Amino acid sequence: VTGSDDKTVRVWSAASGSCLTKVVGDHQGPLSDVILQGGLIMTACFDGKVRVIDVVTGRLLRTFPGHRNAVLTMDARGRIVVTGGNDRDLRVWDLEERAVAPSPQVQVSANRVMVQHGYDKSDGG
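No experiment lies behind these values; they were computed from the predicted model shown.

A. Seen up close, the environment of Arg91. With respect to the helices and strands, the residue Arg91 is situated in strand 10 (residues 90-94). Its relative accessible area of 22% is what places Arg91 among the partly exposed residues. C-alpha separation for the pair Arg91 and Met74, spaced 17 residues apart in sequence, amounts to 9.3 Å. Sequence-distant contacts of Arg91, defined by excluding residues within four places in its chain, comprise Gly66, His67, Arg68, Val81, Val82 and Thr83.

Structure representation (structure tokens):
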């Protein structure tokens, strides 16, 4: 799966190298990151939004607005998607709840993002 400056997502055949499908979507800027997880394509876009698209139908399932500027990077594990933006925000999204995940502890290093559930803000972190 690839995303590009022309605001499209393409799904490619690993065997033949040919494009299987092209998803146009409603992206309002170039794509900076794309993830394929199960039957979902997740896109990070310069318009500040993360979109979730059905890989089979190409249908937009949901949009996560929230970044004030370009979404530059993301990672997904199960139902959690972590995004980092040009606005210097790090956001944790819950795909099932369709919202920002509640009270996660987020640790960032130079090359890794890790999410730990069950973090209690009242204990001083």
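B. Fine view of the confidence of the model for the protein chain. Taken residue by residue, the protein chain gives an average pLDDT of 80. The fraction at 70 or more is 78%. Ranking the helices and strands of the protein chain by mean pLDDT puts strand 5 (residues 40-45) first, with 93, and strand 12 (residues 105-108) last, with 50. Confidence drops under pLDDT 50 across residues 108-112; counting only partners more than four residues distant or on other chains, this segment forms two contacts. Confidence drops under a pLDDT of 50 for residues 118-125, and excluding neighbours within four residues, the segment shows six contacts in the predicted structure.

C. Expanded view of the sheet that holds strand 5. With respect to topology, four strands assemble into an open sheet ordered 4-5-6-7, the strand pairing being antiparallel. Two strands close off the open sheet at either side, each with one partner strand: strand 4 (31-37) and strand 7 (60-64). Sheet twist, expressed as the mean angle between neighbouring strand axes with direction ignored, is 15°.

D. Representation of the environment of Leu95. Mapping Leu95 onto the fold places it in the loop between strand 10 and strand 11 (99-100). In sequence terms Leu95 and Val52 are 43 residues apart; their C-alpha atoms lie 8.7 Å from each other. Apart from residues lying up to four places away in sequence, Leu95 is in contact with Gln37, Leu40, Met42, Val52, Arg62, Phe64, Gly78, Arg79 and Val81.

E. Here's a closer look at the environment of Asp6. Secondary-structure assignment places Asp6 in the loop between strand 1 (2-3) and strand 2 (9-12). Polar side-chain contacts of Asp6 include one of 2.5 Å to the side chain of Thr8. At a separation of 3.4 Å, a polar atom in the side chain of Asp6 contacts the side chain of Arg10.

Criteria and thresholds
Residues numbered from 1 in each chain as written. Predicted model: local features only at pLDDT ≥ 70, side-chain atom pairs only at ≥ 80, totals over all residues. Heavy atoms only, no water. Helix = DSSP H or I, 4+ residues; strand = E, 2+ residues; numbered from the N terminus. Buried < 20%, exposed > 50% of the residue type's maximum accessible area, 1.4 Å probe, protein only. Contact = heavy atoms within 4.5 Å. pLDDT = per-residue confidence, 0-100. Pairing = 2+ DSSP bridges. Axes fitted to C-alpha atoms, helices over the stretch in contact; angles between N-to-C directions. Polar contact = N/O pair within 3.5 Å; in protein donor to acceptor, adjacent residues only side chain to side chain.

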